[in-house]
Structure formats: structure tokens, C-alpha cells
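# Observations on the model geometry
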Amino acid sequence: SSKYEYLITSKPEPNVLLIQLNRPKALNALCSPLFKELNQAMKDADGDGSIGAMVLTGSEKAFAAGADIKEMKDKQFADVYKNRFLEDWAEMARISKPIIAAVSGYALGGGCELALMCDIILASPTAKFGQPEINLGVIPGGGGSQRLTRIIGKSRAMEMVLTGRTITAEEADKWGMISRVVGQGEGQVVKDAVAMAKEIADKSQIAVHAGKEVVNEAYETTMAEGLKYERRIFHGLFATNDQKEGMAAFAEKRKANFTHT
Ligand code: CAA
């Protein structure tokens, strides 16, 4: 849409928002204005009752090649510290609707971190993930060191962060970084991600929010607290019409018609 300079948004399904990063000349390098637009688009979708899930993608060549090195190169410590550089990236973590990353090509540095901030990652066979910041004399600044370590473990996270080596889609799959590698062909990863987003968006949005919330809680709390939290949220869903409808539909051997209430 013309609303954005660095994004193209569309609705490939009535209840799915597709956000495509659109800064092709810089391989979707994540400059500050781009991230501001991305946060805005996601916040708008989160508040739009017609949308049940989002897909985030880049181009065939690059999901995103990282934070914008040209924007960063002359920054001083005082600037980045006082202006809380990159802190606004965390706004994505407050989005309650599911976000599926459809990754083709380079997902490097901040691009890899952006994919890791999504809820589900699908990768095309061309996807390449890496944290090459070490080659620039810095380290990941968008959560890579923390999220990767929790997801793929210490040795593999250390290898990625300390050598900067780029890994293939196949390795990322084997390491449990992504859900799966999709079939070959241009646009396939976006098609599969949109189909998955539609599948999710067609369910009870309340239950979907709750599911995302409780899985994320697993990263923030102890097992005992997390299990209790899950059970309480589970109990809470018995106050929804969608629980009544979903279970009645099962008993009556028909398809549920969720009203998201
Ligand atoms: N920032 C700014 N510009 C970038 C960029 C980035 N991260 N990545 C690519 N570009 C620009 C290039 O400068 C180039 O611009 P010009 O045409 O004006 O020269 C254009 O995009 C195309 O890139 P290349 O010519 O380099 O394309 P290539 O196919 O030869 O190489 C690549 C592709 C291997 C991805 C290479 O572009 C590259 O190494 N990019 C940088 C990757 C990187 O280091 N990312 C980490 C950034 S730091 C970070 O993200 C910090 C953090 O944790 C938040």
C-alpha cells in the first residue's frame, strides 16, 4: 500500500495480512524508518478484528541483510545509548497475533534476529541465516545471542556469533531454528506461509492469542509457574463462546463456526 515507503502490505486472504519488506536496493537492510513502519503495520493489524494472522517476508534474494550498516557506521556510544538504539525492535514482542516469517535468501544479523522474533519460521531452500556482526567489530544487538542460545543451544549459538558463519536452510532446520524448509520454486515459501496463516486465522482468535501467549511464557518463567499459567489461561477459555462452539461442533460432528467471542 502507498501508506509505507519501505513495506508493501496486502491481504492474500481476507483474514491474513502479508507484509513484504521493500527496500530491494539495500537487500532490505533494516534502517530505523523501515522498522518504525514495520512496528506500525503490525500494531495496526493487531488492532484490526478482520485479521487473524500475519506473514512477514522479504524478497527472493533477501529476507533482510541486517541492520543498516551505513546508518550505524558513524554512530557514537553516547548516541546509541541515549537514544536507546534498536530498543524499539522489541515492540514486535508485544504483538498478540501470530506472525509467520517466510524467509528466502539472506537473513543476516538483524534479519536473522527479525525472523527469530516471529512466532513461526518457514524457509525456502535458498534461505541463509547468520549473525555476521563479529566481522563488523560488534555483536548481535537485536536479541540474536539470547534467542539463538535458547533455541539452538550454546555450542551452535557460540559458533554462529563468534565465527559469523552463515548456515543453510537445511542446517537451520536440523538445528531446530525453523519449522521446516518448503519445496523449491519462486514464491513457494510465501504461499505456504499464507496457507498456514489462513489455517490459524480461521480458528478461534481468542484461543490463538492464548496459545501464543502461553508458549511465549515458557521463555520467561519456571516450569512450575508456566504450567500454572497455562492451566489458568486454559480455565479462562471456558468463559468464551468459541469454547462452547468448538466443543459442541465436535460432539455434533460438524465444522465449528468461531465468532471470536
Ligand atoms: N546495511 C546497509 N546496506 C546493506 C546491507 C546492510 N546490512 N546489506 C547489504 N547492503 C547494501 C550494500 O551495501 C549494497 O549497496 P550498494 O549497491 O549501494 O553498494 C546493496 O545492499 C547490495 O549488497 P551487495 O552488493 O553487498 O550484494 P551481494 O549479493 O554482493 O552480497 C550480502 C550480499 C552477502 C548479504 C552482503 O550484502 C552483506 O554481507 N551484507 C551485510 C550483512 C551483515 O553484515 N549484516 C549484519 C549487519 S549488523 C546488524 O544487523 C546488527 C544487529 O544485530 C542488529
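Please refer to the structure placed before this passage.
My aim in this report is to walk through the structure given alongside it, one point at a time. Since this is a predicted model, take the numbers as computed values, not measurements.

Put simply, helix 9 (residues 205-217) and helix 10 (residues 223-236) touch, their axes get as near as 9 Å, and they point 170° apart. In terms of axis orientation, helix 9 runs roughly antiparallel to helix 10. Taking contact as the criterion, the partners of Ala210, Glu213, Val214 and Glu217 in helix 9 are, on helix 10, Tyr229, Glu230 and Ile233.

Another point: the sheet that holds strand 3 (residues 53-57). The strand order 1-2-3-5-7-10 describes an open sheet built from six strands, whose pairing is mixed. Looking along the sheet, the strands with just one partner apiece sit at the ends: strand 1 (7-13) and strand 10 (180-181). With five bridges joining them, strand 1 and strand 2 (residues 16-21) adopt antiparallel strand pairing. Within strand 2, the residue paired with isoleucine 8 across the bridge is glutamine 20.

Regular strands place side chains that alternate from one sheet face to the opposite one. Two elements, strand 5 (residues 99-103) and strand 7 (residues 120-123), share four bridges in a ladder whose sense is parallel. The residue of strand 7 that forms the bridge with alanine 101 is isoleucine 121. As judged from the two bridges shared by strand 7 and strand 10, these two strands associate in the parallel manner. Bridging across to strand 10, leucine 122 finds its partner in arginine 180.

Picture a little ball the size of a water molecule; that probe, rolled over the atoms, points out where space is still empty. Considering only enclosed or pocket space, the largest pocket measures out at about 1,000 Å³ in volume. Along its surface, the largest pocket is lined by 34 residues, and Met117, Cys118, Asp119, Asn216 and Tyr219 are the ones closest to its centre. Mapped by element, the contributors of at least two residues to the lining of the largest pocket are helix 4 (110-117), strand 7, helix 5 (144-152) and helix 9. When residues of the lining of the largest pocket are assigned to their parent elements, the largest contribution, eight residues, is made by helix 9. The space that makes up the second largest pocket amounts to roughly 500 Å³. Along the walls of the second largest pocket sit 23 residues, with Ala67, Met72, Glu133, Val138 and Ile139 positioned nearest its centre. Elements represented by at least two residues in the lining of the second largest pocket include exactly helix 2 (69-72) and helix 4. Among the residues forming the lining of the second largest pocket, the class breakdown is 14 nonpolar, five polar and four charged.

Looking at helix 11 (residues 241-251), one finds that the buried residues are Asp242, Gln243, Glu245 and Ala249. Burial along helix 11 is one-sided: seen end-on, the buried residues are contained in an arc of 170°. Note on helix 11: the residue one or two positions beyond its end, lysine 253, has a positive phi of about 55°.

Cut-off values and rules
- Residues numbered from 1 in each chain as written.
- Predicted model: local features only at pLDDT ≥ 70, side-chain atom pairs only at ≥ 80, totals over all residues.
- Heavy atoms only, no water.
- Axes fitted to C-alpha atoms, helices over the stretch in contact; angles between N-to-C directions.
- Helix = DSSP H or I, 4+ residues; strand = E, 2+ residues; numbered from the N terminus.
- Parallel < 35°, antiparallel > 145°, perpendicular 65-115°, else oblique.
- Contact = heavy atoms within 4.5 Å.
- Pairing = 2+ DSSP bridges.
- 1 Å grid on protein atoms, 1.4 Å probe; cavity = no way out; pocket = protein on both sides within 12 Å on 5 of 7 lines; lining within 4 Å.
- Points joined across faces, edges and corners; volume = space filled by probe spheres on them.
- Nonpolar A, V, L, I, M, F, W, Y, C, P; charged D, E, K, R; others polar.
- Buried < 20%, exposed > 50% of the residue type's maximum accessible area, 1.4 Å probe, protein only.
- Arc of directions from axis to C-beta.

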